[in-house]
Amino acid sequence: MKPNRTLFSESASKIYNAAALILISIVVCSMFLRETCSLLSAQDYSSEPKPKMSRGINIGNALEAPEEGMWGVYIKDEYFGIIREAGFDTVRIPIRWSAHAEEKPPYKISDEFFRRVDHIIGKALEQNLTVIINVHHYEEIMRDPLGHRERFLAIWRQISERYKDYPESLYFELLNEPHDALTSELWNDLLLHAIRVIRESNPTRKIIVGPAGWNSVYNLKDLLLPSDKNIIVTFHLYTPFEFTHQGAEWVNPSPPVGKKWLGTEGEKKQIIDELDMAVKWAMERGNIPLLLGEFGAYSKADMNSRVRWTYFVAREAEKRNISWCYWEFCSGFGAYDPRAGKWREELLNALIPKMGMHYVSADTEHGSISGSGWYYEGTYATIKLERTEFGFLILEVFDHFEGLNPEKDRIIDEGTVEIYVDGPREVKAIWRRDYTRLILVVGVIGIVCALLILHSKVLKIFSQIPLKIYFKK
Ligand code: BGC
């Protein structure tokens, strides 16, 4: 008989084996679980960093045209990298879904169009951009809101279903600039239903809503929202319209070209008042996040004014914690020149300023002046007038530059000056009228006339003297 000890050690070794087996199983299981969890979390976007929406740009005139490309913009994949690289964190992609959905129930959106939008959203997300897709240029609903109500809701049902598993950095914006027959009252009701439709499949996705009356800040007071903490309110700012839309072909009557924006106290106040109005409205309703979804000045305005205006609006919005999206990337308001394949640095810097750089603007009423642009602090900007004299009889003569700092700036020659960049600088060529030539010409003509008169008088006198006097002798 084996001693008890052996018996004991036998049972002990069994226990040990069992314990080891359990331990190994726990380790294996926990490794497996860890693996599974990490697999799960790869799809769980909530663990990703919160999407950032602060500085954005609209890729306008592309997918909201009746067909992409019809208005001159076809979205290239590379655009999103270019936008990200420049420092934007958001793209707003206006989309005319109504041109790609059936007219009758079930109002199916074309698969081909959906695939194109999938592709574009995918490319934007790849670049870590927050992506806003909206319903843009649904003109028919502006004329007949009730007639298009079901179609609008069906469009949103399809969009919501399709993108319900997309990351939270995809935002939905209900409708661009509701206006005309789509009054505040009808819009309040429609937006409520559209939000309900979206919430069926996207319980927490960010939804952007703006007021009727073209998303004007003045109509915010009539906007009614459901209680939902994932709503962002948008508004547009194109003030003063005569400046931002000068020469705009789609506006009738089109405001005349030539209006500048100088950044006077009065001009700034108009913008500040609108932004403050939005902030006040949002605060009174529990601090609703705000998005300035569109602002921009058309390319027919002069570049110095555009830069001043754009810089001012963007900074004032930022001061108030309002996210913004510039209108727009590469078309008529474009901050990017698609032909040259590069940014219009003046506008890009106005949107996303580089540290230690300031804008120097040089203006003239006559001819052209070079040297406007962004310069690093501590450098000199050379401002040069192309010509210093214009006209024929009445001359426009360059007199002096206004806005010089006599201690720091350097006068190079008549019409050229070097400006020391110690902050934003504004220089203006001042001209005077010179009448010398006119006076000279008038004088000469006067003298000639006087001589002619004198001459004819003399002739007359001579003609009155009787001929016989001459021939007397
Ligand atoms: C419109 C564009 C227009 C822009 C500026 C946008 O909301 O959709 O067509 O160019 O506003 O007027």
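Look up: the structure comes first, before these words.
Let me sum up the structure you'll find in this document. (Residues numbered from 1 in each chain as written. Predicted model: local features only at pLDDT ≥ 70, side-chain atom pairs only at ≥ 80, totals over all residues. Heavy atoms only, no water.)

This brings us to the pattern of salt bridges. Summed over the entire model, instances satisfying the criterion amount to 33 salt bridges. Asp 228 is the partner of Arg 199 in a salt bridge, and the nearest nitrogen-oxygen pair spans 2.7 Å. Taken as a pair, Arg 199 in helix α6 (residues 184–201) and Asp 228 in the loop between α7 (212–215) and β6 (231–237) lie far apart in primary sequence, 29 residues in all. Judged by relative accessible area, Arg 199 falls into the buried class, the value being 17%. (Salt bridge = Lys/Arg side-chain N within 4 Å of Asp/Glu carboxyl O. Helix = DSSP H or I, 4+ residues; strand = E, 2+ residues; numbered from the N terminus. Buried < 20%, exposed > 50% of the residue type's maximum accessible area, 1.4 Å probe, protein only.)

What follows covers the pairing of strand β16 (residues 395–402). With two bridges connecting them, strand β15 (residues 389–390) and β16 associate as antiparallel partners. By the bridge assignment for β16, Glu 389 is matched with Val 397. As consecutive antiparallel partners, β15 and β16 are separated by four residues, and within that stretch Gly 391 has a phi angle of approximately 105°, a positive value. As paired elements, β16 and strand β19 (residues 425–434) share seven bridges and run antiparallel to each other. (Pairing = 2+ DSSP bridges.)

Turning to the side chain of Arg 205, a few remarks are in order. Here Arg 205 is to be found in the loop between α6 and β5 (207–209). No salt bridge is formed by the buried Arg 205, whose closest oppositely charged neighbour, Asp 165, lies at an N-O distance of 7.0 Å. In contact with Arg 205, other than residues within four places in its own chain, are Tyr 163, Lys 164, Tyr 166, Pro 167, Glu 168, Leu 170, Phe 172, Arg 199 and Asn 230. (Lys, Arg positive; Asp, Glu negative; His and termini not counted. Contact = heavy atoms within 4.5 Å.)

A word on the packing of aromatic side chains. The final tally for this structure, using the stated rule, is 29 aromatic pairs. Ring centres 4.9 Å apart and planes at 85° place the aromatic pair Tyr 163 and Tyr 166 in the edge-to-face group. The buried category is assigned to Tyr 163, whose relative accessible area is 0%. Clustering of aromatic rings is evident, with ring pairs tying together Tyr 79, Phe 88, Phe 243, Phe 295, Trp 309, Trp 324, Tyr 326, Phe 329, Tyr 336 and Trp 343. Positioned above the aromatic ring of Phe 172, the side-chain terminus of Arg 205 is 5.2 Å from the ring centre. A cation over an aromatic ring shows up here: Arg 410 above the ring of Tyr 380, its NZ or CZ 3.7 Å from the ring centre. (Phe/Tyr/Trp six-rings, centres within 6.5 Å; stacked < 30°, edge-to-face > 60°. Lys NZ or Arg CZ within 6 Å of the ring centre and 35° of its normal.)

With that out of the way, let us pick up the packing of helix α3 (residues 111–126) against helix α5 (residues 149–163). Where α3 meets α5, the closest approach of the two axes is 12 Å, and the angle between their N-to-C directions is 50°. One way to sum up the angle between α3 and α5 is to call them oblique. Once α3 is placed against α5, the crossing between them reads as right-handed. Between α3 and α5, the residues in contact are Phe 114, Arg 115, Val 117, Asp 118 and Ile 121 and Gln 158, Ile 159, Arg 162 and Tyr 163, respectively. Taken together, the residues of the contact of α3 with α5 sort by class into five nonpolar, one polar and three charged. (Axes fitted to C-alpha atoms, helices over the stretch in contact; angles between N-to-C directions. Parallel < 35°, antiparallel > 145°, perpendicular 65-115°, else oblique. Left-handed = near helix turned anticlockwise from the far one by under 90°. Nonpolar A, V, L, I, M, F, W, Y, C, P; charged D, E, K, R; others polar.)

Turning next to the sheet that holds strand β18 (residues 416–420). To summarise the sheet geometry, strands pair through backbone hydrogen bonds and adopt either a parallel or an antiparallel arrangement. Judged by pairing direction, the sheet is antiparallel, and its four strands sit side by side in the order β12-β14-β18-β17 without closing on themselves. Here the strands that pair on one side only, and so sit at the sheet edges, are β12 (369–370) and β17 (410–413).

Its location among the elements puts Tyr 375 in strand β13 (residues 373–376). Distance from Tyr 375 to Tyr 420, taken between C-alpha atoms, is 9.7 Å for residues 45 residues apart in sequence. What Tyr 375 contacts, discounting residues up to four positions off in sequence, is Gly 356, Met 357, His 358, Val 360, Tyr 380, Ala 381, Thr 382 and Val 421. Polar contacts involving the side chain of Tyr 375 include one to the main-chain carbonyl oxygen of Gly 371, which spans 2.6 Å. (Polar contact = N/O pair within 3.5 Å; in protein donor to acceptor, adjacent residues only side chain to side chain.)

Looking now at unusual backbone geometry. The omega torsion of the bond from Pro 105 to Pro 106 falls at 5°, within 30 degrees of zero and hence cis. Mapping Pro 106 onto the fold places it in the loop between β2 (90–93) and α3. With omega at 0°, the peptide bond leading from Trp 327 into Glu 328 counts as cis. Looking at the secondary structure, you find Glu 328 in the loop between β8 (323–326) and β9 (336–337). A positive phi is found at Asn 61, a non-glycine position, where the angle reads about 65°. You will see that Tyr 107, though not glycine, has its phi angle at about 55°, which is positive. Here Tyr 107 lies in the loop between β2 and α3. Taking the relative accessible area as the measure of exposure, Tyr 107 reaches 14% and is therefore buried.

Approximately 910 Å³ is the volume attributed to the largest pocket. Taken together, 34 residues line the largest pocket, and the ones lying closest to its centre are His 137, Glu 177, Trp 214, His 245 and Trp 250. Contributions of two or more residues to the lining of the largest pocket are made by α4 (139–143), α7 and β6. With three residues, α4 is the single largest residue contributor to the lining of the largest pocket. (1 Å grid on protein atoms, 1.4 Å probe; cavity = no way out; pocket = protein on both sides within 12 Å on 5 of 7 lines; lining within 4 Å. Points joined across faces, edges and corners; volume = space filled by probe spheres on them.)

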